[in-house]
Every structure is written in structure tokens, then in C-alpha cells.
Amino acid sequence: MGLLEGKVALITGAARGIGKAIALKYASEGADIAFTDLVINEDAEKTVAEIEAFGHKVKAYASNAANFDETHEVVEQIKADFGKIDILVNNAGITKDGLMLKMTEQQWDAVLAVNLKSAFNFIHAVIPVMMRQKAGSIINMSSVVGVHGNAAQANYAASKAGLIALAKSIGQEMGRKGIRANAIAPGFIETAMTQALPEEVRAEWMERIPLRRGGTVEDIANVATFLASDMSSYVSGQVIQVDGGMNM
Ligand code: NAI
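Residues numbered from 1 in each chain as written. Predicted model: local features only at pLDDT ≥ 70, side-chain atom pairs only at ≥ 80, totals over all residues. Heavy atoms only, no water.

A few points about helix α3 (residues 68-82)
At step 1: Between its first and last C-alpha atoms α3 spans 21 Å; for 15 residues at 1.5 Å apiece the expected length is 21 Å, and the two agree.
At step 2: Taken residue by residue, α3 has T71, V74, V75, I78 and F82 as its buried positions. Each buried residue of α3 sits inside an arc of 105 degrees when the element is viewed along its axis, so together they form one side. Facing away from the buried side of α3 by over 90 degrees, the exposed positions are E73 and A80.
At step 3: Where α3 is buried, its residues meet β1 (8-11), β2 (32-37), β3 (58-62) and α4 (105-133).
At step 4: Here α3 starts with a cap whose side-chain oxygen sits 3.0 Å from the backbone nitrogen of D69, and that cap is N67.
At step 5: Just downstream of α3, G83 is the residue with a positive phi angle, here 85 degrees. (Helix = DSSP H or I, 4+ residues; strand = E, 2+ residues; numbered from the N terminus. Expected span 1.5 Å × (residues − 1). Buried < 20%, exposed > 50% of the residue type's maximum accessible area, 1.4 Å probe, protein only. Arc of directions from axis to C-beta. Contact = heavy atoms within 4.5 Å. Polar contact = N/O pair within 3.5 Å; in protein donor to acceptor, adjacent residues only side chain to side chain.)

The structure is reproduced here in C-alpha cells:
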């Protein structure tokens, strides 16, 4: 029997990348999957087909996670389609990097809205469902830069630090209702985003990683599976760095 047999997981921004890997891993462990992304394009349809191959229910929803009303509407739809929500993974995220002196208000607002407000939107919409169930696991996708900060990423780092404090606060507020909340802080993960970095920047990162490799999306999906499953039933308010032992 899979670790997530009979559970329903909602994952934001899961058409590709880390979110997709989590969706696939969850399905392989027995979960039904509802996922969102900005648009449901060919990539998203391919993700749906790959999840379906595990023999579980899956549905993709076009929804802007940064929009409060859209989020509440999509959660209503998911409730109607799936009947419950056991796991929420706030994964959708973007970067708009720049040094503080050159950072525009638009860069700041966009990153905070997509990365942090989105998690508020989804937690706000999903928590009444989890309260009725007297159980639930919420996972916020943070980043090592949310723990340590990073030059030229003040907006991104602040949003990712916010996701950690949000998880810790929800863990404290909702524990008595059986709801757990944790954060994952990935380090350098091999995705389209990091593969596009110049070779010298990649080499610099590798120097700082004791395990001497970038993480895989599966490395993150494995930890996300632990936090979603009953294996972590006494774990809440934590941030788990998945970074190859990196010392920033
Ligand atoms: P990605 O860019 O491949 O995937 C992000 C997904 O979110 C995309 O499918 C995108 O369309 C979707 N998305 C963007 N804005 C959205 C919105 N407003 N509403 C709904 N969906 C939206 O990124 P990746 O690498 O898979 O990252 C996933 C998460 O992991 C992000 O939160 C990112 O900040 C975080 N992360 C990634 C690391 C890496 O090395 N790749 C390291 C640390 C954290």
C-alpha cells in the first residue's frame, strides 16, 4: 500500500518542474491529484497523462494563485470534484531578480504576490475543509535563500522567508485541529531555471555543495512525500533544507 493511499492532494504550479515531480510521486504513492497552473497548456496536459498512468484521479485547473477570488473559486471546484483535500502544497513561484538599487516596485510586488500571497490565498481557502476533516498537511515551498538571504534576490528571499513564518504560524494556530504545516527549503535544484544559468555561476554553486551535485526534482518530491504522509504525523512548524548540505 502506498504512503498516500486514499488521500487527495492539491498542488499549485504543478504543470512542470518541482510541482510536477511532487504530483507524480504523490500519485505513485496512491494519492488523487488536483493541480493548478496559470494556463493548462500542452505541458500541463502531458503532466495529467503521466499522473493518470498511475491509475488515480487527476484534474488540472487554470488559476492564478496570486488572485484571492480565483483561488477561492478553484478550491470550491476542487471540493466539488474530489470531495476533500488532505494535502496542500504551495509550490507556485517566480523570480524577478535584481539588485535593490535597481529593483522596481513592480518586481517586488509581483514576486511577493505570486510566491507569498498565493500561499495565504490557498491556506485561507483550504483550511475550512481541513478543519472539518480534523486533519491536513500543508507544505510551503520555500528556498535556502529564504533562510540565509541572497544578494540580488531581496524580493524572492523575503517571499521565501515569509513562507517559512507562515508555515510555522499556521502550525501553531491549527495544530489543535489536526492540521500540520511545514516548509521545504530546496537548495540548487536542476530545473529549467537553474540549467539556464551561466556555467561559471553553476560552478560557483557546486563548490558550495558538499554533495557536489545539484539536487533533483525527485529529491524534493521525496521530502514532500514524507511531510504529506502519516510518517510525519508528529512533525509541524518545521523547515527542512534539501540542499546537499550546502553552507550558504
Ligand atoms: P518552474 O518555473 O519550473 O515551475 C513553477 C510553476 O509555477 C510553473 O508551471 C508556472 O507556470 C507556475 N506558476 C507561476 N506563476 C503562477 C501563478 N501565479 N499561479 C499558478 N501557477 C503559477 O519552477 P521550479 O523550479 O519547479 O520551482 C517550483 C518552486 O520551488 C518555486 O516556488 C520555486 O521558487 C521553488 N524553488 C526552486 C528551486 C530551484 O532550484 N529550481 C530552489 C528553491 C526553491
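Quick look at the site of the ligand
At step 1: Around the ligand sit 25 residues, and of these R16, I18, D37, N91 and Y156 come closest.
At step 2: Between the ligand and A65 there is a distance of 2.9 Å, counted from a nitrogen atom to a backbone nitrogen or oxygen.
At step 3: I189 is positioned with one of its backbone polar atoms (N or O) 3.1 Å from an oxygen atom of the ligand.
At step 4: Isolated, the ligand exposes 830 Å² of accessible area, and the fraction of that covered by the protein chains is 92%.
At step 5: Put simply, the parts of the chain that give the shell around the ligand at least two residues each are α1 (17-28), α6 (154-174) and α7 (192-195).
At step 6: Considering only residue class, the shell around the ligand consists of 11 nonpolar, 11 polar and 3 charged. (Near = heavy atom within 4 Å. Areas by Shrake-Rupley, 256 points an atom, 1.4 Å probe, with all protein chains shown as cover. Nonpolar A, V, L, I, M, F, W, Y, C, P; charged D, E, K, R; others polar.)

In short, the description is geometric, and any link to function would need to be established separately.
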